[in-house]
Amino acid sequence: MSDIANVATGATVVALTNVHKSFGPLKVLDGVTFDVARGDVLCIIGRSGSGKSTALRCIDRFETIDSGEIVVCGRKVHDPALDLRALRQDVGIVFQSYNLFPHLTIEENITLAPTCVKGTSKAEAREQARAALAQVGLSDKIQHYPEQLSGGQQQRAAIARSLAMRPKVMLFDEVTSALDPELTGEVLKVIEGLAADGMTMVMVTHEMGFARSIADRVVFMHRGKVHEHGTAAVLTTPTTPELAQFLGTGL
């Protein structure tokens, strides 16, 4: 489980306020504002190039913003003096590519960050790895190498690697986009379990059915802006032509 005891129930864990980001002349984020409460699942949807993955990467400061504010677990991510190591202990992120080290076992992949970043003892890190792998249904793969696992299993191992750091919030960036439907189901089941356990999550996803079933809030991004937001009901009854067209429902 995540170490979230010091975050009050219902407190805002992630907040973006009027965030702007450009890559050269290309405006990618244009005044983006949204927030996420503790224990909630926020799904960010939108067309390719709408800015959704960039917004996610800015939350963990993989990208720096041009202006605006981002506060995560009380930390001002937009502050140049930010303690980046402390932020990364609060925030776990899983990408569509698994980014596992091929020359390390799954156990070694998972224990690397807790021992090197947090100073966790090797014995405790191994125990955390076992617990995290049990959480994602991979206890029997602990001594395997990544190449011995299917794509879905590798993605679940990547999730376990983040969980072992005991983050307060998890970020998922199109984590099923490279997987076939059967393997996608494996990974989504793990994420459903995390939601049931109360993990705060921000997900960029193209799985609309999954978003309908799991999201507490939905943000639809369009041309770098938050074009529509609300509960998962917006995926059934969109209020703008752009979201209706994106969902293929018409309006």
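The shown structure was predicted, so the numbers you read here are calculated from the model rather than taken from an experiment. (Residues numbered from 1 in each chain as written. Predicted model: local features only at pLDDT ≥ 70, side-chain atom pairs only at ≥ 80, totals over all residues. Heavy atoms only, no water.)

*Asks:* Teacher, can you tell me more about the pairing of strand 4 (residues 67-72) here?
*Replies:* The side chains of a regular strand alternate, residue by residue, between the two faces of the sheet. Relative to strand 4, strand 1 (residues 12-23) is paired through 5 bridges, and the arrangement is antiparallel. Residue pairing across strands places Leu 16 opposite Ile 70, the latter belonging to strand 4. The pairing of strand 4 with strand 5 (residues 75-76) spans 2 bridges and is classified as antiparallel. Across the sheet, residue Val 72 finds its bridge partner in strand 5, namely Arg 75. Linking strand 4 to strand 5, which pair antiparallel, is a turn of 2 residues; within it Cys 73 sits at a positive phi near 50 degrees. (Pairing = 2+ DSSP bridges. Helix = DSSP H or I, 4+ residues; strand = E, 2+ residues; numbered from the N terminus.)

*Asks:* Looking at this structure, I do not really get the packing of helix 3 (residues 106-117) against helix 4 (residues 122-135). What am I missing?
*Replies:* When two helices pack together, you describe them by how their axes are tilted relative to each other and by the distance separating the axes. Packing of helix 3 against helix 4 leaves a shortest axis separation of 9 Å and a crossing angle of 125 degrees. Between helix 3 and helix 4, the angle is such that the two are oblique. The handedness of the crossing between helix 3 and helix 4 is right-handed. Taken together, the residues of helix 4 that come into contact with helix 3 (itself represented by Ile 106, Glu 107, Ile 110, Thr 111, Pro 114 and Thr 115) are Lys 122, Ala 125, Arg 126, Gln 128, Ala 129, Arg 130 and Leu 133. (Axes fitted to C-alpha atoms, helices over the stretch in contact; angles between N-to-C directions. Parallel < 35°, antiparallel > 145°, perpendicular 65-115°, else oblique. Left-handed = near helix turned anticlockwise from the far one by under 90°. Contact = heavy atoms within 4.5 Å.)

*Asks:* Whenever I open this one, the layout of surface pockets confuses me. Can you help?
*Replies:* Space inside the largest pocket adds up to approximately 540 Å³. As for the largest pocket, its lining consists of 21 residues, and the residues nearest its centre are Ile 93, Ala 113, Arg 161, Ser 162 and Met 165. Broken down by secondary-structure element, the contributors of at least two residues to the lining of the largest pocket are helix 2 (84-90), strand 6 (91-94), helix 3 and helix 5 (151-163). Taken as a whole, the second largest pocket encloses approximately 180 Å³ of empty space. (1 Å grid on protein atoms, 1.4 Å probe; cavity = no way out; pocket = protein on both sides within 12 Å on 5 of 7 lines; lining within 4 Å. Points joined across faces, edges and corners; volume = space filled by probe spheres on them.)

*Asks:* Would you mind going over the sheet that holds strand 2 (residues 26-37) with me for this structure?
*Replies:* One open sheet accounts for 4 strands, arranged 2-1-4-5; its pairing is antiparallel. The open sheet has two free edges, formed respectively by strand 2 and strand 5, since each of these has just one partner strand.

*Asks:* I would appreciate a short explanation of the pairing of strand 6 in the present structure.
*Replies:* Neither face of strand 6 is open: one carries Val 91 and Ile 93, the other Gly 92 and Val 94, and all of them are buried. In the sheet, strand 6 pairs with strand 7 (residues 169-173) via 4 bridges, with the strands oriented parallel. By the bridge assignment, Gly 92 is partnered in strand 7 with Met 170. (Buried < 20%, exposed > 50% of the residue type's maximum accessible area, 1.4 Å probe, protein only.)

*Asks:* Would you explain the UniProt feature "domain: ABC transporter" (unreviewed entry) in the protein chain in this entry?
*Replies:* According to UniProt, the "domain: ABC transporter" (unreviewed entry) feature falls on residues 14-248. Between the C-alpha atoms that bound residues 14-248 there is a distance of 30 Å. The span itself is 36% helix and 26% strand. (UniProt positions renumbered as here; feature names shortened; annotations may be inferred.)

*Asks:* What am I meant to see in the packing of aromatic side chains here?
*Replies:* The description of an aromatic ring pair uses the distance of the two centres, along with the angle that the planes make with each other. Per the counting criterion, the structure on display carries 2 aromatic pairs. Taking the centre distance of 5.6 Å and the plane angle of 85 degrees together, the rings of Phe 62 and Phe 95 count as edge-to-face. Highlighted residues: Phe 62 in the loop between helix 1 (52-59) and strand 4 and Phe 95 in the loop between strand 6 and helix 3, separated in sequence by 33 residues. Residue Phe 62 is classed as partly exposed on the basis of its relative accessible area of 33%. The exposure class assigned to Phe 95 is buried, which follows from its relative accessible area of 16%. Look at Phe 220 and Phe 246: their rings are 5.5 Å apart centre to centre, the planes differ by 35 degrees, and that puts the pair in the tilted class. A residue pair is termed long-range when its members are at least 10 positions apart, and Phe 220 in strand 9 (residues 217-222) and Phe 246 in helix 8 (residues 241-247) qualify at 26 residues. For Phe 220, a relative accessible area of 1% corresponds to the buried category. Phe 246 sits in the partly exposed class, given a relative accessible area of 24%. The cationic tip of Arg 88 hangs over the ring face of Phe 62; the distance from NZ or CZ to the ring centre is 4.3 Å. (Phe/Tyr/Trp six-rings, centres within 6.5 Å; stacked < 30°, edge-to-face > 60°. Lys NZ or Arg CZ within 6 Å of the ring centre and 35° of its normal.)

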